[in-house]
Amino acid sequence: MRNASPKYLVTGATGNLGGALLQALVENTPAHVVALVRPQSRGALKRLLAGLPAAADRVSIVEGDVRAPLFGLQHDDAAIEGLTDIVHAAANVDWRASGDDLIATNLAGAENCAELANLLIARGSLERCSYISTAYAGGIRTGTIAEEPLRFSDTFSNRYEMSKFLAERIFLDRVRCPVNVIRPTAIVGDSRTGTIRNFSTLYYPFKLVHQAQLSLLPARPDATLDIVPLDFVVDVVMAMHASAANDHRIVHAAAGSHAVTIRRLWELCAGAFNKLDGGSRPLQGIFVPPGPFLFAAAGAGVLPAGIRRKLRKLALFIPYITTQRCYATAGAEKLGLTAPAFETYVETLCRFAVDMAFGARTLGDRARLGSFGSAR
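Residues numbered from 1 in each chain as written. Predicted model: local features only at pLDDT ≥ 70, side-chain atom pairs only at ≥ 80, totals over all residues. Heavy atoms only, no water.

Asker: Help me understand the layout of surface pockets in this model?
Answerer: Space left empty within the atom packing is revealed by a probe, the size of a water molecule, rolled over the atoms. Estimates place the volume of the largest pocket at around 1,200 Å³. Lining the largest pocket are 43 residues, and of these Gly-15, Ala-89, Ala-91, Asn-92 and Val-93 lie nearest its centre. Secondary structure elements with two or more residues in the lining of the largest pocket: helix 1 (16-28), strand 2 (32-37), helix 6 (159-174) and strand 8 (186-188). With 3 residues, helix 1 is the largest single contributor of residues to the lining of the largest pocket. For the lining of the largest pocket, the per-class residue count stands at 23 nonpolar, 16 polar and 4 charged. (1 Å grid on protein atoms, 1.4 Å probe; cavity = no way out; pocket = protein on both sides within 12 Å on 5 of 7 lines; lining within 4 Å. Points joined across faces, edges and corners; volume = space filled by probe spheres on them. Helix = DSSP H or I, 4+ residues; strand = E, 2+ residues; numbered from the N terminus. Nonpolar A, V, L, I, M, F, W, Y, C, P; charged D, E, K, R; others polar.)

Here's what the structure looks like:
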């Protein structure tokens, strides 16, 4: 039986997922939330909470650092007293990050979270701990990916994937209470409003498509890309914590059978942007083999520096847009959750991105402009 008055610790509360989860906890549960932030992020979190009247009594902002032992909270009894749930969403998600940076944040962060979790278990309060991993922790595996502990991959697409794989092992092997490992696929904005705070990953090629700057894509048109909206991932996390299950669980927050091919993704995004622009111009693209593209990206002195930078950034996506794989989704389905089809919300995503100039505007700017939708 879950605690009727839960107290959550949420890390990464100023990020896309952590911020959306904090908001959902305040709006939809009686939980008190302790939001861990670094000192320089306190202002950003206060701006997020300004639109949530209930947050004044239900959210505590605590300064700490996931890279520090016990997150630096060992002397803050008020913050950790009575914690029933932890959601560790903080991570360095930069595919180009150095190994040292990823070890400091993703691996040390996992170790410090496990240490804090076990301290709270010994005190008799912690009931559940969730780690937000990634569906790509399995490296370059193809075919159907099961919801089970992963074996070490001979090849990862980047150090980020490896760091998430190793962090999963830390949680599953060391934490002495029920652990949820939640593996989202490619996260985009809220399916109802398009809202997202940090425009990263897929939004870079989306922006180039909108600006008609992307005509060659180093992808297999029949490769599959699993995309999920932010609100679906939040729903999975919250359902996992509400469940009475009392064991370690691994769940994919994935589209599964609703994954799209790269060709279909291009068509949907280009069509949505063209519709938003009044159908003023066709947006077409050509798929090319990755080899020549990578050669061009490395062509120092041949192409202008700006074009080379763009090509190198796009090259990071190659492992994800040349692979056919499918993520099992039985775990979320048992919770009564199925990700919506990308076709049903792609225009909402694109409209929000255009309204926000792909991150150049703030949510406040958007409200003053009277743009489409609402922040949540």
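Next comes the rest of the write-up.
Asker: Would you take a moment to explain the packing of aromatic side chains for this structure?
Answerer: For any pair of aromatic rings, geometry is given as the distance between the ring centres together with the angle between the planes. In total, this model carries 14 aromatic pairs according to the counting rule given. Aromatic side chains Phe-199 and Tyr-203 sit 5.1 Å apart centroid to centroid with 85° between the ring planes, which places their arrangement in the edge-to-face category. Residue class for Tyr-203 comes out buried when judged on its relative accessible area of 3%. Look at Phe-199 and Phe-352: their rings are 6.1 Å apart centre to centre, the planes differ by 10°, and that puts the pair in the stacked class. (Phe/Tyr/Trp six-rings, centres within 6.5 Å; stacked < 30°, edge-to-face > 60°. Buried < 20%, exposed > 50% of the residue type's maximum accessible area, 1.4 Å probe, protein only.)

Asker: Before we go on, may I ask you to explain the packing of helix 7 (residues 203-210) against helix 11 (residues 305-315) in this structure?
Answerer: Two measures define how a pair of helices packs: the angle their axes make with one another and the distance between the axes. Relative orientation of the contacting elements helix 7 and helix 11 amounts to 130°, with a least axis distance of 10 Å. Put simply, helix 7 runs oblique to helix 11. Between helix 7 and helix 11 lies a crossing whose hand is left-handed. In contact with Tyr-204, Pro-205 and Leu-208 of helix 7, helix 11 contributes Lys-310, Lys-313 and Leu-314. Of the residues in the contact of helix 7 with helix 11, the class split is 4 nonpolar, no polar and 2 charged. (Axes fitted to C-alpha atoms, helices over the stretch in contact; angles between N-to-C directions. Parallel < 35°, antiparallel > 145°, perpendicular 65-115°, else oblique. Left-handed = near helix turned anticlockwise from the far one by under 90°. Contact = heavy atoms within 4.5 Å.)

Asker: Quick question: what am I supposed to make of unusual backbone geometry here?
Answerer: In terms of backbone geometry, most residues other than glycine have negative phi values and most peptide bonds are trans. Although it is not a glycine, Phe-71 sits at a positive phi angle of roughly 60°. Mapped onto the fold, Phe-71 is located in the loop between strand 3 (59-63) and helix 4 (77-80).

Asker: Is there a simple way to explain the sheet that holds strand 3 in this structure?
Answerer: In a beta sheet, neighbouring strands are held together by backbone hydrogen bonds and run either parallel or antiparallel to one another. The parallel open sheet is built from 7 strands, whose spatial order is 3-2-1-4-5-7-12. With one partner strand each, in any of the chains shown, strand 3 and strand 12 (249-253) form the two edges of the open sheet. The sheet shows a mean angle of 20° between the axes of neighbouring strands, taken without regard to direction. Sheet analysis places strand 4 (residues 85-88) next to strand 5 (residues 128-132), joined by 4 bridges and oriented parallel. Along strand 5, the bridge assignment pairs His-88 with Tyr-131. (Pairing = 2+ DSSP bridges.)

Asker: Any chance you could explain the nonpolar core here in plain terms?
Answerer: Nonpolar side chains in soluble globular proteins generally cluster together in the buried interior. The biggest cluster of nonpolar side chains holds 50 residues, and the ones touching the most others in it are Tyr-203, Phe-206, Ile-227 and Phe-342. Elements that contribute at least two residues to this core include exactly strand 8, helix 7, helix 9 (262-276), helix 10 (290-297), helix 11 and helix 13 (346-355). When residues in this core are grouped by element, the largest group, 8 residues, is from helix 9. Non-local contacts of Ile-227, meaning those with residues more than four positions away in its chain, are made with Thr-185, Ala-186, Val-188, Leu-202, Ala-255, Val-260, Leu-265, Phe-342 and Tyr-345. Of all hydrophobic cores here, the second largest spans 41 residues; its members include Leu-21, Val-37, Val-59 and Ala-253. (Core = buried A, V, L, I, M, F, W, Y, C linked by side-chain atoms within 4.5 Å.)

Asker: Can you walk me through empty space enclosed by the protein in this structure?
Answerer: On inspection of all chains with the given rule, the structure shows 4 cavities of 30 Å³ or more. Considering only enclosed or pocket space, the largest cavity measures out at about 200 Å³ in volume. Lining the largest cavity are 16 residues; nearest its centre among them are Pro-205, Phe-206, Leu-214, Leu-217 and Leu-265. At the level of secondary structure, the elements contributing two or more residues to the lining of the largest cavity comprise helix 7 and helix 9. Element by element, the count of residues in the lining of the largest cavity is highest for helix 9, at 5 residues. Of the residues belonging to the lining of the largest cavity, the class tally is 16 nonpolar, no polar and no charged.

Asker: Just to check I follow, could you spell out the environment of Arg-159 for this structure?
Answerer: Take Arg-159: it is sitting in helix 6. Residues Arg-159 and Ser-200, spaced 41 residues apart in sequence, show a C-alpha to C-alpha distance of 18 Å. If we skip the residues at most four places from it in the chain, Arg-159 touches Ala-97, Ser-98, Gly-99 and Leu-102.

In short, geometric facts, not functional conclusions.
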